[in-house]
Amino acid sequence: GNSVTQMEGPVTLSEEAFLTINCTYTATGYPSLFWYVQYPGEGLQLLLKATKADDKGSNKGFEATYRKETTSFHLEKGSVQVSDSAVYFCALSPHQAGTALIFGKGTTLSVSS
Amino acid sequence: KAGVTQTPRYLIKTRGQQVTLSCSPISGHRSVSWYQQTPGQGLQFLFEYFSETQRNKGNFPGRFSGRQFSNSRSEMNVSTLELGDSALYLCASSLGQGSNSPGQFFGPGTRLTVL
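Since the model is a prediction, treat every value here as computed from it, not as a measurement. (Residues numbered from 1 in each chain as written. Chains lettered and ligands numbered in written order. Predicted model: local features only at pLDDT ≥ 70, side-chain atom pairs only at ≥ 80, totals over all residues. Heavy atoms only, no water.)

**Focus: the overall build of chain A**
Consideration 1: Assigned secondary structure in chain A consists of zero helices and 12 strands.
Consideration 2: A compact globule built from 113 residues would reach a C-alpha radius of gyration of about 13 Å, and chain A, at 14 Å, matches this within 12%.
Consideration 3: Counting only C-alpha atoms, chain A reaches 45 × 25 × 20 Å along its principal axes.
Consideration 4: For chain A, the proportion of its 113 residues judged to be buried stands at 46%.
Consideration 5: Within chain A, contacts between residues at least 6 apart in sequence are counted, and of these 56% link residues at least 24 apart.
Consideration 6: Here chain A has roughly 5,200 Å² of accessible surface; of this, 48% comes from carbon and sulfur atoms. (Helix = DSSP H or I, 4+ residues; strand = E, 2+ residues; numbered from the N terminus. Rg over C-alpha atoms; globule rule 2.2 N^0.38 Å. Buried < 20%, exposed > 50% of the residue type's maximum accessible area, 1.4 Å probe, protein only. Contact = heavy atoms within 4.5 Å. Areas by Shrake-Rupley, 256 points an atom, 1.4 Å probe, with all protein chains shown as cover.)

Below, the structure is given as structure tokens:
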């Protein structure tokens, strides 16, 4: 079946530190991969996506590369800010009719100044 | 463009009752998906509707049902509520064109509490 595994949190960093949140997946076929972010008190927002192997999604300084050989889609940012504190969700959408998302458990990021 | 709207935002029910939640997608979006978010299980897919037809279904009991209207608005219904149904229910809309879609856009959710 399809599943997503994210690193357990919380992740606590100082401002300007380098961020990596690991995400691996299990899927039949070639899924699309996503990172969503949920800021405190707000709804889920799409952060970035990649639809095929070796694609790199990027947005707001965040990047993730679709690695088919390692079935991974790790989220990275070179220099985090306090405003990046949120819960980050890795998700996949199987390549079949429909847009259902399978989510990881989420990783809480806390950035202090 | 207005975003995804969900009503009501908060709901308190007692065990055994039933509840109906509503979702209005972004204008032009034909796909509506529903998710349940709980601290223990995280975000779980309930079902997806596209052009008034259920296209995908998650692993939830038959007490959970939904429908979509011709204007793409969707409702989900939970019958015979259980304490474990307490959760944030999220609705997401998209163009529904698979991997080429810009992705799903989520509403703020309906917080359901079952007493």
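**What about the pairing of strand 4 (residues 31–38) of chain B?**
Every other side chain in a regular strand lies on the same face of the sheet, so the side chains alternate between the two faces.
Residues and elements named next belong to chain B.
Consideration 1: Counting buried positions over the eight residues of strand 4 gives eight, a clear majority of the element.
Consideration 2: Where strand 4 and strand 5 (residues 42–50) come together, eight bridges link them in antiparallel fashion. Looking at strand 5, one finds that Tyr35 is bridged to Phe45.
Consideration 3: The hairpin formed by strand 4 and strand 5 contains three residues between the paired strands.
Consideration 4: Here strand 4 runs beside strand 9 (residues 87–94); their pairing, made up of seven bridges, is antiparallel. In the strand pairing of strand 9, Val32 is matched with Ser93. (Pairing = 2+ DSSP bridges.)

**As for the sheet that holds strand 1 (residues 5–7) of chain B**
Residue and element names in this part refer to chain B.
Consideration 1: Spatially, four strands are ordered 1-3-8-7 in an open sheet, and the strand pairing comes out antiparallel. The sheet is open, and its two edges are formed by strand 1 and strand 7 (64–68), each paired on a single side. The average angle at which neighbouring strand axes cross in this sheet is 20°, direction not considered.
Consideration 2: One ladder, built from three bridges, connects strand 1 with strand 3 (residues 19–24); its direction is antiparallel. Opposite Thr5, over in strand 3, you have Ser24 as the bridge partner. (Axes fitted to C-alpha atoms, helices over the stretch in contact; angles between N-to-C directions.)

**Examining the packing of aromatic side chains**
Consideration 1: Evaluated as defined, the whole model comprises 12 aromatic pairs over all chains.
Consideration 2: Pairing A:Phe62 with A:Tyr88 gives two aromatic rings, centres 5.6 Å apart and planes at 40°, and the pair type is tilted. Remark: A:Tyr88 occurs in strand 10 (residues 86–93) and A:Phe62 occurs in strand 8 (residues 62–65); sequence separation between them is 26 residues.
Consideration 3: Note on B:Phe47 and B:Tyr49: the rings are 5.7 Å apart at their centroids and 70° apart in plane angle, and the pair reads as edge-to-face. B:Tyr49 shares its class with B:Phe47; the two are buried.
Consideration 4: Taken together, the aromatic side chains of A:Phe34, A:Tyr36, A:Phe89, A:Phe103, B:Tyr35, B:Phe45 and B:Phe106 make up a single cluster linked through ring pairs.
Consideration 5: The ring of B:Phe50 is capped by B:Arg55, whose NZ or CZ atom sits 4.2 Å from the centre of that ring. (Phe/Tyr/Trp six-rings, centres within 6.5 Å; stacked < 30°, edge-to-face > 60°. Lys NZ or Arg CZ within 6 Å of the ring centre and 35° of its normal.)

**Concerning the state of the cysteines**
All names here are of chain A.
Consideration 1: Scanning the entire structure with this criterion turns up two disulfides over all chains.
Consideration 2: Here Cys23 pairs with Cys90 through a disulfide, and the sulfurs are 1.9 Å apart. Measuring handedness by torsion sign, the sulfur bridge of Cys23 and Cys90 sits at about -70° and is left-handed. Within this pair, whereas Cys23 is found in strand 4 (residues 23–26), its partner Cys90 is found in strand 10, the two being separated by 67 residues in sequence. Considered together, Cys23 and Cys90 belong to a single accessibility category, that of buried residues. (Disulfide = S-S within 2.5 Å.)

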